[in-house]
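# An overview of the molecular structure
Residue strings, one per chain:
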Amino acid sequence: MVPRTGRLAELGMPLAFAGELLEPTLADPGRGSGRRPIRLLWRDSRSDPDHARLVTTELVREQGVHLILTMAGSHVLPAVAATCEELETPCLSTTFPWQAYYAARGVPPGHTFRWTYHFGWGLDDIADVFADMWERLGTGMTVGCLWNTHFQGTTLRNGVFEAVAARRGHRLIDPGGYTEANGDFEACAAHFLRNGVEIVTSAATTDDLAAFRRHADRQGLRPRLITSSRWLTYPFTPPEPPGPDGIATIVYWSPRHPCRSSLGDMTAADLAALYERRTGRQWLQPLGVAHALFEVAAHVLSSAEDRGDIAATLATTRVDTVAGPLDWAKGPAPNIAAIPLIGGQWRAGTRHPHELALVTNTRLPELVLSEDLRSGAPAGVPPLAPRGARAAAVRG
């Protein structure tokens, strides 16, 4: 299930690329590989949950597919997964916090699905990585929450993110949600100023975050750092000024990740370089996990006979992929395999207009960082100085 059209179309490109790259290998795995031939059927979700449900049903009932793969979209992904659960067909998805995966389907964390599986990270993981970066500036920070009134903001307000921040000694200031694409950012910035906000954390779109930064600058609010997930992990459209430079974000995959594909010997660096060479576009984080979707599919389908076997096999699968090791038996919850997060920060680039520097690696110490975290101070301020043994450990 690929969003080839609609607002998620750019994000669908890595999934389409990975599938088309691997399609010959999946169709003809070769003697001695232990894998069965796999035929790929493609459908466009149109970035719309209703259409995604429709074509998922068609794939299951008319085409008899054994496994649905999908990624991205806070409404589309849950719609596909829920439809597969109803139709008793295995589904594998990624690029979504696992607590949100449960919440979007109206069940509590810990619920066990029979047919649908997911790999990604948690809201607690995002909070921990953000805190790693906040603590490069100091302890006990006051952090303003730029969260919308929609699903993303509601999910972040469920207590998980706040609990991690509180445990690490930080205070969150939430002025209440804003309406996406029509937010009152002047009121939000004023609230942050009154409450002594030093850092802003967000899950805004690139354009909303840019609008907030303009309003904040006019009011004299200049955060020492902005951390943002969601669209800022892959700003594939040119953001409005002032752009993403200086924004810190989560990183779940990069060319520097020390991982190899289970389908051949391609490294993360090889995959990113091939994508850029063939498409003429900058690598995106979803590329690695998109490739991993097909790796898991090949692993599971090599031993499972029917849909029930496939679902049961997914529940206990462990496989090393170009996105790292995935282990559904380990959790952190039923139906979920975890990917470690690290910290990154957008910078003005040399090969591309904006490039993602890797700045913290607490949960993946074998990854070699590329730069130090910089504060959000005015241009010309040097990188933050290392802060003792903890900072040295973060840099690896």
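The structure we're discussing is the one just above.
The following paragraphs examine the structure supplied in this document. Fair warning: this is a prediction, and the values are worked out from it, not measured in the lab. Counting restarts for each chain: residues are numbered from 1 in the order of the written sequence. Confidence filtering applies because this is a predicted model: local features only for residues at pLDDT of at least 70, side-chain atom pairs given and counted only at 80 or more, and all residues used for totals across whole chains, interfaces and linings. Derived side-chain values reflect all non-hydrogen atoms in the structure, with water molecules and hydrogen atoms excluded from consideration.

### Considerations on the pairing of strand S10 (residues 324-327)
In the case of a regular strand, side chains alternate between the two sheet surfaces. A pair of strands counts as paired when DSSP detects no fewer than two bridges linking them. Only DSSP runs of H or I covering at least 4 residues are called helices, and only runs of E covering at least 2 are called strands; the numbering of each starts at the N terminus. For strand S9 (residues 318-321) and S10, the ladder comprises four bridges, and the chain directions are antiparallel. Paired with Arg-318 across the two strands is Asp-327, which belongs to S10. In this antiparallel pair of consecutive strands, S9 and S10, the connection spans two residues.

### Overview of the nonpolar core
Counting 132 residues, the largest nonpolar core has Leu-92, Phe-119, Trp-134, Phe-161, Phe-212 and Trp-253 as the members making the most contacts within it. Per element, the largest residue contribution to this core is eleven residues, and it comes from helix H11 (residues 286-301). Contact criterion: two residues are considered in contact whenever any of their non-hydrogen atoms come within 4.5 Å of each other. For Phe-161, the residues in contact, after removing those within four places along its chain, are Leu-123, Ile-126, Ala-127, Phe-130, Trp-134, Trp-147, Leu-156, Leu-172 and Thr-201. Grouping buried Ala, Val, Leu, Ile, Met, Phe, Trp, Tyr and Cys residues that are joined through side-chain atoms within 4.5 Å yields what is termed a nonpolar core. Classification of residues uses two cut-offs on accessible area relative to the type maximum, computed with a 1.4 Å probe and protein chains only: under 20% is buried, over 50% is exposed, and between them is partly exposed.

### As for the sheet that holds strand S1 (residues 68-71)
Across the sheet, which stays open at both edges, the four strands sit in the order S1-S2-S3-S11 with parallel pairing between neighbours. Of all strands in the sheet, those with a lone pairing partner are S1 and strand S11 (336-338), marking the two edges. Going across the sheet, the axis of each strand differs from the next one's by a mean of 15°, ignoring polarity. Note that S1 and strand S2 (residues 91-94) share four bridges and pair parallel. Within the sheet, the bridge partner assigned to Met-71 lies in S2 and is Thr-94. With axes taken as lines fitted to C-alpha atoms, and helix axes fitted only over the stretch in contact, angles between N-to-C directions fall between 0 and 180 degrees.

### Observations concerning the side chain of Thr-95
Tracing the sequence through the fold places Thr-95 in the loop between S2 and helix H4 (98-103). For the purposes of these results, a polar contact is taken to be a pair of N or O atoms within 3.5 Å, where, inside protein, one atom must be able to donate a hydrogen and its partner to accept one; residues adjacent in sequence count only when each atom of the pair is a side-chain atom. Within polar-contact distance, the side chain of Thr-95 engages the backbone nitrogen of Ala-72 at 2.9 Å. The contact partners of Thr-95, leaving out residues within four places of it in the chain, are Met-71, Ala-72, His-118, Phe-119, Trp-121, Tyr-252 and Val-289.

### Here we look at the environment of Thr-116
Tracing the backbone shows Thr-116 in strand S3 (residues 116-120). Once the C-alpha coordinates of Thr-116 and Thr-83 are considered, the two residues, 33 residues apart in sequence, prove to be 9.6 Å apart. When neighbours within four sequence positions are excluded, Thr-116 is seen to be in contact with Ala-81, Cys-84, Glu-85, Cys-91, Tyr-101, Arg-105 and Asn-335. Engagement of the side chain of Thr-116 in a polar contact is seen with the side chain of Arg-105, the distance being 3.0 Å.

### A few points about the packing of helix H2 (residues 49-61) against helix H3 (residues 76-86)
Between H2 and H3, the least distance of the axes is 8 Å, while the angle of their chain directions is 30°. Between H2 and H3, the angle is such that the two are roughly parallel. Between H2 and H3 the crossing geometry is right-handed. Contacts from Pro-49, Ala-52, Arg-53, Thr-56 and Thr-57 in H2 reach Val-76, Ala-79, Val-80, Thr-83 and Cys-84 in H3. Taken together, the residues that form the contact of H2 with H3 break down as six nonpolar, three polar and one charged. Should an angle fall under 35 degrees it is called roughly parallel, over 145 degrees roughly antiparallel, and 65 to 115 degrees roughly perpendicular, with every other angle called oblique. What makes a crossing left-handed is the near helix being turned counterclockwise from the far one by less than a right angle; a clockwise turn instead makes it right-handed. Here the nonpolar group is Ala, Val, Leu, Ile, Met, Phe, Trp, Tyr, Cys and Pro; Asp, Glu, Lys and Arg are the charged ones; every other residue, Gly included, is treated as polar.

### A word on the packing of aromatic side chains
The criterion for an aromatic pair is that two Phe, Tyr or Trp rings (for Trp, the six-membered ring) have centres within 6.5 Å, with stacked assigned to planes under 30 degrees apart, edge-to-face to planes over 60 apart and tilted to the rest. A complete count under the given rule lists 16 aromatic pairs for this structure. Considering the side-chain rings of Trp-121 and Tyr-252, the 4.4 Å spacing of their centres and the 20° angle between planes classify their relative orientation as stacked. Taken together, the positions of Trp-121 in the loop between S3 and helix H5 (123-134) and Tyr-252 in the loop between strand S8 (248-251) and helix H10 (268-279) put the pair 131 residues apart, joining distant regions of the chain. Classification of Trp-121 by relative accessible area gives buried; the value is 5%.

### Details of H2
The end-to-end C-alpha distance of H2, which contains 13 residues, comes to 18 Å, matching closely the 18 Å that a straight helix rising 1.5 Å per residue would cover. Looking only at H2, the buried set comprises His-51, Ala-52, Val-55, Thr-56, Glu-58, Leu-59 and Val-60. The inward-facing, buried residues of H2 abut S1, H3 and helix H12 (307-315). Capping of H2 at its N-terminal end is provided by Asp-48; its side-chain oxygen lies 3.2 Å from the backbone amide nitrogen of Asp-50. For a helix, the expected span equals 1.5 Å multiplied by the residue count minus one.

### Things to note about the pattern of salt bridges
For salt bridges, the criterion is a side-chain nitrogen of Lys or Arg within 4 Å of an Asp or Glu carboxyl oxygen. In total, this model carries 19 salt bridges according to the counting rule given. The partner of Arg-168 in a salt bridge is Asp-132, with the nearest N and O atoms 2.8 Å apart. Linking Arg-168 in the loop between helix H7 (160-167) and strand S5 (171-173) with Asp-132 in helix H5, this pair joins segments that are 36 residues apart in sequence. Across the salt bridge formed by Glu-180 and Arg-230, the nearest N and O atoms sit 2.8 Å from each other.

### Focus on H11
For H11, spanning 16 residues, the distance from its first C-alpha to its last is 23 Å, which sits close to the expected 22 Å at 1.5 Å a residue. With 15 of 16 residues buried, H11 is to be regarded as a mostly interior element.

### A few points about the side chain of Gln-285
Mapped onto the elements of the fold, Gln-285 is located in the loop between H10 and H11. Looking at Gln-285, the relative accessible area reads 1%, which means it is buried. In contact with Gln-285, not counting residues within four places along its chain, are Thr-233, Ile-250, Val-251, Tyr-252, Trp-253 and Leu-356.

### Comments concerning the packing of H10 against H11
Relative to each other, H10 and H11 sit at 105°, their axes nearing to 10 Å. Our classification of the angle between H10 and H11 gives roughly perpendicular. Contact with H10, carried on its side by Leu-271, Ala-272 and Tyr-275, involves Leu-287, Gly-288 and His-291 of H11 and no other residues of that element. A class-by-class count of the residues in the contact of H10 with H11 yields four nonpolar, two polar and no charged.

### Quick notes on the environment of Thr-267
Take Thr-267: it is sitting in the loop between S8 and H10. A residue is classified by how much of its surface remains accessible, and Thr-267, at 17% relative accessible area, is buried. Along the sequence, Thr-267 and Arg-256 sit eleven residues apart, while their C-alpha atoms lie 9.2 Å from each other. Setting aside its immediate chain neighbours within four residues, Thr-267 contacts Cys-259, Arg-260 and Val-322. A polar atom in the side chain of Thr-267 sits 3.0 Å from the backbone nitrogen of Asp-270.

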